[in-house]
Amino acid sequence: MKKFLNHIQNAYGYSNYEIELIKYFILTMASELSKLVLIFAFFTYTGHFIECLIALSVLLFLRSSAGGFHCEHYITCFLLSFLFIYVTIFLSETVHPNPFLIFIGMLFNLLVAYFMVPVVSHHRPVPNEQLIKNSRKANFAFLFICLLATTAFHTSHYTGVIFWMCLLHSIQLLVTKLDKGGKYHVTQSH
């Protein structure tokens, strides 16, 4: 990769800073894509590709709008993401709450979204009030749509995946934020 980066720096006149950004982008994309390939391969093999796709879609939106616990290393990030998806699928197949409990669980998610979002990595700047409001609005709107879907179609296995992913993510947000003293800016101890 160093040879490639040297070539494009010489050919296009990028600064050292711009080359570092390109390198970071390439490494990040390779890291995330490799995790996705491994996760999809496992759940395709076990016959749960659609459930994995739904769980991952919900998780990606929740993480991008609400934040959460951030791992420092590739393997811990992969394992935590895999565990989230695995537990979500397992719960959706084994635990089927009645519509009232689904509604209460989704209301809990909405409350967490309103009061706890966002939980930001210590690698990112402390969010300003506008970012906090935007994160809360986006997350709240998404969870409200999930509430409507999960209560209206509570007998569907796929809405069970949505329900459990939302609930697990809210619990993770709550634990992470309370563990860090309720701050938006979450630091991880080493």
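Residues numbered from 1 in each chain as written. Predicted model: local features only at pLDDT ≥ 70, side-chain atom pairs only at ≥ 80, totals over all residues. Heavy atoms only, no water.

A. Seen up close, the overall build of the chain. From N to C terminus, the chain includes seven helices and two strands. Overall, the chain shows an N-to-C arrangement of helices and strands of α-α-α-α-α-β-α-α-β. Looking at the chain as a whole, 35% of its 190 residues are labelled buried. Long-range contacts, defined as pairs at least 24 residues apart, comprise 76% of the intrachain contacts of the chain with a sequence gap of at least 6. Of the roughly 11400 Å² of accessible surface on the chain, a fraction of 70% belongs to carbon and sulfur atoms. Treating the 12 positive side-chain charges of the chain as one cloud and the 8 negative ones as another, the clouds have centres 7 Å apart. (Helix = DSSP H or I, 4+ residues; strand = E, 2+ residues; numbered from the N terminus. Buried < 20%, exposed > 50% of the residue type's maximum accessible area, 1.4 Å probe, protein only. Contact = heavy atoms within 4.5 Å. Areas by Shrake-Rupley, 256 points an atom, 1.4 Å probe, with all protein chains shown as cover. Lys, Arg positive; Asp, Glu negative; His and termini not counted. Charge placed at Lys NZ, Arg CZ, Asp CG, Glu CD.)

B. Structural detail: the packing of helix α5 (residues 99-116) against helix α7 (residues 157-179). Two elements in contact, α5 and α7, have axes whose closest approach is 9 Å; the angle formed by their N-to-C orientations is 40 degrees. With respect to α7, the axis of α5 lies oblique. The two elements α5 and α7 cross, and the hand of that crossing is left-handed. On α7, the residues touching Leu-101, Ile-102, Gly-105, Met-106, Phe-108, Asn-109, Val-112, Phe-115 and Met-116 of α5 are Phe-163, Cys-166, Leu-167, Ser-170, Ile-171, Leu-173, Leu-174, Lys-177 and Leu-178. (Axes fitted to C-alpha atoms, helices over the stretch in contact; angles between N-to-C directions. Parallel < 35°, antiparallel > 145°, perpendicular 65-115°, else oblique. Left-handed = near helix turned anticlockwise from the far one by under 90°.)

C. Layout of a nonpolar patch on the surface. Together, Leu-111, Tyr-114, Phe-115, Phe-140, Phe-144 and Leu-148 line one region of the surface with nonpolar side chains, adding up to about 620 Å² of accessible area. Of all the secondary-structure elements, those providing two or more residues to the nonpolar patch are α5 and α6 (129-152). Turning to its location among the elements, Tyr-114 is positioned in helix α5. (Patch = residues over 30% accessible without salt bridge, like charges linked within 9 Å, V, L, I, M, F, W, Y side chains within 5 Å. Salt bridge = Lys/Arg side-chain N within 4 Å of Asp/Glu carboxyl O.)

D. How the structure looks around α5. For α5, which comprises 18 residues, the first-to-last C-alpha distance of 25 Å matches the rise-based estimate of 26 Å (1.5 Å per residue) to within 8%. Ile-102, Gly-105, Met-106, Asn-109, Leu-110, Val-112, Ala-113 and Met-116 are the residues of α5 that are buried. Buried residues of α5, seen end-on, are gathered within an arc of 165 degrees and therefore sit on one face of the element. Of the residues in α5, the exposed ones pointing more than 90 degrees away from the buried face are Phe-100, Leu-111 and Phe-115. If you follow the buried residues of α5, they end up packed against α6 and α7. (Expected span 1.5 Å × (residues − 1). Arc of directions from axis to C-beta.)

E. A look at the pattern of salt bridges. Enumeration over the complete set of coordinates arrives at one salt bridge. The closest approach of N and O atoms between Glu-32 and Lys-35, which form a salt bridge, is 3.0 Å. A residue pair is termed a helical-turn pair when its members lie 3 or 4 positions apart in one helix, as Glu-32 and Lys-35 do in helix α2 (residues 16-45) at three residues. A residue is classified by how much of its surface remains accessible, and Lys-35, at 6% relative accessible area, is buried.

F. Broad picture of the nonpolar core. With 34 residues, the main nonpolar core has Val-58, Ile-85, Met-106, Met-165 and Cys-166 as its most contacted residues. Contributing elements (two or more residues each) for this core: α2, α3 (49-66), α4 (74-94), α5, α6 and α7. A total of eight residues in this core trace back to one element, the largest contributor, which is α7. Setting aside residues no more than four positions away along its own chain, Met-106 makes contact with Leu-143, Cys-146, Leu-147, Thr-150, Phe-163 and Cys-166. (Core = buried A, V, L, I, M, F, W, Y, C linked by side-chain atoms within 4.5 Å.)

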